[in-house]
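# Descriptive structure summary
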Amino acid sequence: MTKIRVLVLSVLLSPMCFVPSVGDNITSSFGEPAVLERVYEAHNANLRHRHHPNHPWGPHFEENPSNVTIREGQNSHLDCKVGLIEDKLVSWVRRKSDHLDLLTLGPTNHSSDPRFLSDFKYPNNWRLAVRNASKDMTGTYLCQISTHPPKSLEVQLTVEAPEVFIVVNSRGERIHDVHYKEGSTLQLVCIVNNLKSRSVSWFRNSDLLNHDVSRGGVSIKTEMNTDQESAKSVLNVARITRKDIGSYLCSAPPHNASVTVHILNGENPAELYHNHAMTYFVWSWKCFLLIFVLWVSK
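Residues numbered from 1 in each chain as written. Predicted model: local features only at pLDDT ≥ 70, side-chain atom pairs only at ≥ 80, totals over all residues. Heavy atoms only, no water.

Take the packing of aromatic side chains next. The final tally for this structure, using the stated rule, is two aromatic pairs. Summarising the aromatic geometry, the rings of Phe116 and Tyr141 are spaced 5.8 Å apart at their centres and angled 45 degrees between planes, so their arrangement reads as tilted. Placement of Phe116 in strand β8 (residues 116-121) and of Tyr141 in strand β10 (residues 139-145) is noted, with a sequence separation of 25 residues between them. Overall, the relative accessible area of 3% leaves Phe116 in the buried class. Ring geometry for Phe120 and Trp126: centres 4.5 Å apart, planes at 55 degrees, overall tilted. For Phe120, a relative accessible area of 35% translates into the label partly exposed. Stacked on the ring of Phe165, the Lys or Arg Arg174 has its end atom at 3.8 Å from the ring centre. (Phe/Tyr/Trp six-rings, centres within 6.5 Å; stacked < 30°, edge-to-face > 60°. Helix = DSSP H or I, 4+ residues; strand = E, 2+ residues; numbered from the N terminus. Buried < 20%, exposed > 50% of the residue type's maximum accessible area, 1.4 Å probe, protein only. Lys NZ or Arg CZ within 6 Å of the ring centre and 35° of its normal.)

Right, dumping it as C-alpha cells:
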C-alpha cells in the first residue's frame, strides 16, 4: 500500500503533469508559442474589435450624406450605402412642406414620376436614380432603413437652371424697358449663368441679328466661360432710328430674356419721366374735381 502511494505521488510531481498558472509562457518542443494560446489571443483581439464603439452592430449607414448639385436636364443619382442590412428594407422618400412622398421601397419603384428610379449597385449601395432633372426636383431626400425607430440619411438635391437676363448700365441692373435718343448707339448686355447650350443669339421682333444684316452697324461680341458655365454677350446697334424700336431677345436655349427698346422724340429720359408724372398728376386732379362736383350736387 505504501508503494502505491509513493508511485502516485511521483506521477503527480512529474513534469508531464505540470499544470501551468496564469501568465506562464507555454512553449512547444520547438520553442514557439503554443497554438492554443495564439488562437486565444486572436479570438480576443477580434472580440475587442467588434465591441469597439466605433464599429456599430445591426443595419447602419456606412457613409455620411453627400449633397448633390446638377444642371437642369442632367442625369444623376443619390448614394445610400447600408451595412449589415439583415432582413430590413431601404426606402427613399422626398420631404415636402407638409408630407413625405415615397419614391422607392427596396428594389421597387413607388413614385408616379418616372424620373425617380431605384438603382441598386452591388454590394450595398441603394441608390436613387434621378433622370432629366428639372428645377422643381430641388429639395430634401431621405434614405431610410426600416429599423425601429427608422434610421434616416438626409441628402439635399439642387438642380441649377440656366439664368438669362439683360442689363444696360455699369451697375448691372436688370431691365425690361430702355429708352434711347434717335441717332445714339444702342447697347444691351446679356448675362447667362449655368449655361446649358453653347450658343447665345440675339433677335429683334423675331428676326435674327448678326454681323451681316442689311441694316449695317450691328455688332455682337460673346464671351463664353466654360469653367464657370456662364456667358456674356454684348449687342451694339449704331445710329438707331425709329425702325429699330421693338422687342430685343437674348436667347440661350432653352431660356431667354427680352427688353423693349423705345426711341425718344428729342427729349431725354428725365424729361420723359417728368412728362409721364405730370400727365398722371393732371388726370388725378381731374378725377378729384369730378368726384367733388358730384358730391356737392347731391
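For the rest of this paragraph, the subject is the pattern of salt bridges. Per the stated rule, a full pass over the model turns up nine salt bridges. The salt bridge involving Asp136 is made with Arg115; its shortest N-O contact spans 3.6 Å. Of this pair, Asp136 sits in the loop between β9 (125-130) and β10 while Arg115 sits in the loop between β7 (108-109) and β8, and the two are 21 residues apart along the sequence. Between Glu163 and Arg174 there is a salt bridge; the shortest N-O distance is 3.0 Å. Within this pair, whereas Glu163 is found in strand β12 (residues 163-167), its partner Arg174 is found in the loop between β12 and β13 (177-181), the two being separated by 11 residues in sequence. Through salt bridges with shared partners, a single ionic network connects Asp113, Arg115 and Asp136. (Salt bridge = Lys/Arg side-chain N within 4 Å of Asp/Glu carboxyl O.)

In terms of burial, β9 is a largely internal element, six of the six residues being buried. Here β9 shows no split at all, with Asn125, Arg127 and Ala129 on one side and Trp126, Leu128 and Val130 on the other all buried. With three bridges joining them, strand β3 (residues 76-78) and β9 adopt antiparallel strand pairing. Residue pairing for β9: Ser76 is matched across the bridge by Val130. Two successive antiparallel strands, β8 and β9, enclose a turn made up of three residues. (Pairing = 2+ DSSP bridges.)

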